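A structural walkthrough
This is what each chain is made of:
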Amino acid sequence: MNFHVLTLFPEMIQNGMNTSITGRAIAAGYLSIEAVNIRDFAYNKHQKVDDYPYGGGAGMLMQAEPVYLAYESVVQRIGKRPRVVYLTPQGRVFNQEMAREMAKEEDLVFLCGHYEGIDERVLEEIVTDYVSIGDYVLTGGELPSMVMMDSISRMVPGVLSNKESGETESFAGNLLEYPQYSRPEIWHGKAVPQVLMSGHHANIEKWRREQSVIRTAKSRPDLLKKADLTNKEWNYVRQLKKQWKEETQQAAAYADMTCEPEKEEEL
């Protein structure tokens, strides 16, 4: 997998990605990351890449030509027009399914915007995917691109030392990951669940699946709509939701009781 990042801050990309798992994968040849400095393609005295937007408005806009030339430099090097991801709040929200699908690409380009955005004409010319990592605004596209590259990299064969771990962690099968424990057996008075100490693999897998369902139902019920649950598991989820609703109502009723002001004694 070859990542190509069109950016105004190449050192940010290189420093961020050449560490930990992705850094080891780069050293081992499973990944390559090229940070292309868009300023290198601004052929003016001060390598200026921004200008005022037509029609007025606050802020500056990245110009089309430097972005396009930076992209074309990648095309010339690899000999094809790769998929281009533009990081923007207007895009589809990134998820694990998208990471798995993008990991199949040989080359992937990320376009990192700044200022008030990028001239629409070059976006229409080169961008294939508009992607967001959440409903909030950042100063640029570098951090979102690194988030995506980290997630995508985990789906690339050879990147993870344990082949299984990329598929069994959070969001695999649209379920959150089950709780995990390590030594010591008792910490701060809290013991490791006995089933994990039993050595009975079937029971352990059953417990882990149940915990994943519980955790997803409680924290991310939206994921359950796409999860492959059995009828028994769906019935269990309904029971849990009913139980949680009753507990919430009881807690609210108790809070109301304790907050009632005391009646003053009549003189």
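In what follows, the accompanying structure is described. Computed from a prediction, not measured in an experiment: that's the story for all the values here.

What follows is about the side chain of Ser212. As for its position among the elements, Ser212 is in helix H9 (residues 201–219). When near neighbours in sequence (up to four residues on either side) are disregarded, Ser212 contacts Leu175, Leu176, Glu177 and Tyr178.

Aromatic ring pairs are defined here through the distance separating the ring centres and the angle between the ring planes. Scanning the model with the defined rule gives three aromatic pairs in all. Ring centres of Phe3 and Phe110 lie 6.0 Å apart, and the angle between their planes is 50 degrees; on these two criteria the pair is classed as tilted. Linking Phe3 in strand E1 (residues 2–7) with Phe110 in strand E6 (residues 107–111), this pair joins segments that are 107 residues apart in sequence. For Phe3, a relative accessible area of 0% puts it in the buried group. Their ring planes at 85 degrees and their centres at 6.0 Å tell us that Tyr86 and Tyr130 sit as a pair that is edge-to-face. In this pair, Tyr86 sits in strand E5 (residues 83–93) while Tyr130 sits in strand E7 (residues 129–132), placing the two residues 44 residues apart along the sequence.

A word on the side chain of Asn37. Tracing the sequence through the fold places Asn37 in strand E2 (residues 32–37). Among the polar contacts made by the side chain of Asn37, one reaches the main-chain amide nitrogen of Arg39 at a distance of 3.0 Å. Beyond its immediate chain neighbours, meaning those up to four positions away, Asn37 contacts Thr7, Leu8 and Pro10.

Here the focus is the sheet that holds E5. Pairing is parallel across the open sheet formed by five strands, whose spatial order is E2-E1-E6-E5-E7. The sheet is open, and its two edges are formed by E2 and E7, each paired on a single side. For this sheet, the mean inter-axis angle between neighbouring strands, taken without regard to orientation, is 30 degrees. Examined bridge by bridge, E1 and E2 share six bridges and lie parallel to one another. Bridge pairing in E2 places Phe3 opposite Ile33. Set on the sheet, helix H6 (residues 142–153) makes contact with E1, E5, E6 and E7; between it and E1 the angle comes to about 175 degrees.

What counts, and at which threshold
- Residues numbered from 1 in each chain as written.
- Predicted model: local features only at pLDDT ≥ 70, side-chain atom pairs only at ≥ 80, totals over all residues.
- Heavy atoms only, no water.
- Helix = DSSP H or I, 4+ residues; strand = E, 2+ residues; numbered from the N terminus.
- Contact = heavy atoms within 4.5 Å.
- Phe/Tyr/Trp six-rings, centres within 6.5 Å; stacked < 30°, edge-to-face > 60°.
- Buried < 20%, exposed > 50% of the residue type's maximum accessible area, 1.4 Å probe, protein only.
- Polar contact = N/O pair within 3.5 Å; in protein donor to acceptor, adjacent residues only side chain to side chain.
- Pairing = 2+ DSSP bridges.
- Axes fitted to C-alpha atoms, helices over the stretch in contact; angles between N-to-C directions.

Function cannot be inferred from these measures alone, as they are strictly geometric.
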